[in-house]
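Each chain, written out:
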Amino acid sequence: MDLLANLALGFDTALTLSNLLYCFIGVLIGTLIGVLPGIGPVATIAMLLPVTFTLAPVSAMIMLAGIYYGAQYGGSTSAILINLPGEITSVATTLDGHAMAKQGRAGVALATAAIGSFVAGTIATFLLAAFAPPLAELALKFGPHEYFALMVLGLVASIVLARGSLLRAGGMILLGLLLGLIGADVNSGAQRFTFGVPELADGIGFVVAAMGMFGLGEIARNLENEATRTRLVGHITTLMPTREDFRRMVAPILRGTFIGSALGILPGNGAVLGSFTSYSIEKKLSKTPEQFGKGAIEGVAGPESANNAGAQTSFIPMLTLGIPSTPVMALMIGALIIQGIQPGPTVVTNQPALFWGIIVSMWIGNLFLIILNLPMIGMWVRIVMVPYQHLFPAILVFCTIGVFSLKNTEFDIYFMALFGVLGYAFTKLDCEPAPMLLAFILGPMMEEYLRRALLLSRGDPMVFVRRPISATLLALGVLAIIAASIPALYRKREEAFRGD
């Protein structure tokens, strides 16, 4: 009965005219930036954060959430039509989606992606409604020791799940923690690492860092890749899958939904991991694996369901624990803090209209996305072919205006440019910037919880080991690092023996 009452509160909140409008705006913008390769939800949400200052908290979060899961829908359009994923979560879709387009079945591939995403989004929304409140209730029993250990585990998981070298990912975590220390000390008020620059007294704004790393850095990277874009192959004739197509897509959609829902909760990028995992599983389970890569409809249905489900369940740790599992969730936490709301388990009890309004709006947003993605496919086809050199000046202007509006100071613009250079450099050095942003957000919170824990234990660091929950979380972090390091150590050992 409590669940039904909470869902009724959510519908009452989400179905107001203003919240329906912001939900529609969010999914429309999300679809657009998903269709356009090289923009992405992180940069878009970072650009729009200043706009949310004037909105009610629930309206702001509904719109930002719509941008995020709407981008998962839109990313499949460019992946299928021009073999260029608008979102990294749609990379797996290119393998069979574009092959279907070459066979003249682009409409069927797009319809499959939309149907799979809608089913996955609906199921993931119900999972979010069912599991988030009990998790928040459990989190209310956490003390500073458990929260610190949980954040350590989150950062370790982001290292383990990051692409490329573990050493590089660890270095990005350390850089993010160091950047988070800049500014006034929380307890004493002493200035740290400001080097006498008064503008750094309040620290570096996470919006500035996010816009630079993911906005300007992505502009430079995508200008390099613009020449690789291919043209649309053939004309879209029909959107309706056949009966055989429906039969083949049902099981992959359901499997992809539950794979994405489970992996979406993990720190790192569960939506990306879910799409590739789903593709691999569908290929292994298929009776005709040789068709994969040549236009197998299962290779579109599974990954698209997984990435949409993962995008929505990633809200569970953010809303209930105050722990961001992705860079987008880190920006969501920033949006809540800007609105004067402390992320964590108290959101469920102190802000029930916000919590349940966001959950219900996700289901409404998925309905909007079906309307946007299928009847308006002709418009998306025309938009997807717009050259990137015509888009990036507008993105640059939005980034600059957004950053300047935060404090009305040009210092933030210079810092955004600096982070843009760093973001581009990290890309060229194969260093993933996402772990750095997560550490940048979590660093100050970790420091605060660590100090509280040590004050309560009178400076005894062994208290983290003596408390069962914190000890278990730290042990899981150690095991994750060991498990991820063993393959690399084994390869080095084999190389050393071959060298002898």
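Our subject in this report is the structure included herewith.

1. Some words on the packing of helix α8 (residues 166-181) against helix α20 (residues 434-456)
Turning to step 1, where the next piece is worked out: For the pair α8 and α20, interaxial distance at closest approach is 7 Å and the crossing angle is 45°. If you check the angle between α8 and α20, you find them oblique. The chirality of how α8 crosses α20 is right-handed. Note on element contacts: α20 touches α8 through P435, M436, A439, F440, G443, P444, M446 and E447, opposite A169, M172, I173, L175, G176, L177, L179, G180 and L181.
Turning to step 2, where the next piece is worked out: Looking at the contact of α8 with α20 residue by residue, the class counts come to 13 nonpolar, 3 polar and 1 charged.

2. Overview of the packing of aromatic side chains
What characterises a pair of aromatic rings is the spacing of the ring centres plus the angle enclosed by the ring planes.
Turning to step 1, where the next piece is worked out: Summed over the entire model, instances satisfying the criterion amount to 6 aromatic pairs.
Turning to step 2, where the next piece is worked out: Taking 5.5 Å as the distance between ring centres and 90° as the angle between the ring planes, the aromatic pair formed by F24 and F368 counts as edge-to-face. Placement of F24 in helix α2 (residues 17-35) and of F368 in helix α16 (residues 352-373) is noted, with a sequence separation of 344 residues between them.
Turning to step 3, where the next piece is worked out: Consider the rings of F415 and F419, whose centres lie 6.0 Å apart with planes at 50°: the pair is tilted. Taken together, the residues F415 and F419, both in helix α19 (residues 410-428) and 4 residues apart, mark about one turn of the helix.
Turning to step 4, where the next piece is worked out: Of the residues examined, F415 reaches a relative accessible area of 17% and is grouped as buried.
Turning to step 5, where the next piece is worked out: Judged by its relative accessible area of 2%, F419 falls in the buried class.
Turning to step 6, where the next piece is worked out: One aromatic cluster in this structure is built from F411, F415 and F419.

What counts as what
Residues numbered from 1 in each chain as written. Predicted model: local features only at pLDDT ≥ 70, side-chain atom pairs only at ≥ 80, totals over all residues. Heavy atoms only, no water. Axes fitted to C-alpha atoms, helices over the stretch in contact; angles between N-to-C directions. Helix = DSSP H or I, 4+ residues; strand = E, 2+ residues; numbered from the N terminus. Parallel < 35°, antiparallel > 145°, perpendicular 65-115°, else oblique. Left-handed = near helix turned anticlockwise from the far one by under 90°. Contact = heavy atoms within 4.5 Å. Nonpolar A, V, L, I, M, F, W, Y, C, P; charged D, E, K, R; others polar. Phe/Tyr/Trp six-rings, centres within 6.5 Å; stacked < 30°, edge-to-face > 60°. Buried < 20%, exposed > 50% of the residue type's maximum accessible area, 1.4 Å probe, protein only.

Don't take any of this as a statement about function, it's just geometry.
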